Amino acid sequence: GSHKPPEWLFVRKRQLAEHPFCEECMKRGQVVRAVIVDHIRPIKQGGQPFAPSNLQSLCWSCHSRKSAEEGSRWRTPPRKG
């Protein structure tokens, strides 16, 4: 995994303290504990790494789905074999 700077650990901890539940699930009326602090706009696209406005709390399933969607958006999707 990528090495996270100490500042990120602080930002991540603060985000989960302020938003302990998955924000995607909350939109659907479900309360699911968040485990991931995700960058809404990826850093490689110019997103702010530590700005609270660019962070969202996600559960594992929402995060993995978002990662898969972002991956297929930027790379060619795997061929169904």
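This write-up is about the structure you can find in this document. All values derive from a computational prediction rather than experimental measurement.

## Thoughts on the pairing of strand β1 (residues 36-39)
Side-chain alternation along β1 places I36 and D38 on one buried face and V37 and H39 on a second face that is also buried. As judged from the 4 bridges shared by β1 and strand β2 (residues 55-58), these two strands associate in the antiparallel manner. Bridge pairing in β2 links D38 to Q56.

## Regarding the pattern of salt bridges
Within the structure shown, the criterion is met by 3 salt bridges. Note that D38 is salt-bridged to K66, the shortest N-O span being 2.8 Å. Placement of D38 in strand β1 and of K66 in helix α3 (residues 60-74) is noted, with a sequence separation of 28 residues between them. Residue classification places K66 among the buried positions, given a relative accessible area of 17%.

## Observations concerning a nonpolar patch on the surface
A contiguous nonpolar patch, built from F21, M26 and V31 and spanning about 270 Å² of accessible area, is present on the exposed surface. Counting through the fold element by element, M26 comes out in helix α2 (residues 23-27).

## Description of the environment of I40
Within the fold, I40 resides in the loop between β1 and β2. For I40, a relative accessible area of 41% gives the class partly exposed. Between the alpha carbons of I40 and S57 there is a distance of 9.7 Å; along the sequence they are 17 residues apart. Excluding its chain neighbours within four sequence positions, the residues that come into contact with I40 are S53, N54, L55, Q56, K66 and E70.

The rules behind the values
Residues numbered from 1 in each chain as written. Predicted model: local features only at pLDDT ≥ 70, side-chain atom pairs only at ≥ 80, totals over all residues. Heavy atoms only, no water. Buried < 20%, exposed > 50% of the residue type's maximum accessible area, 1.4 Å probe, protein only. Helix = DSSP H or I, 4+ residues; strand = E, 2+ residues; numbered from the N terminus. Pairing = 2+ DSSP bridges. Salt bridge = Lys/Arg side-chain N within 4 Å of Asp/Glu carboxyl O. Patch = residues over 30% accessible without salt bridge, like charges linked within 9 Å, V, L, I, M, F, W, Y side chains within 5 Å. Areas by Shrake-Rupley, 256 points an atom, 1.4 Å probe, with all protein chains shown as cover. Contact = heavy atoms within 4.5 Å.

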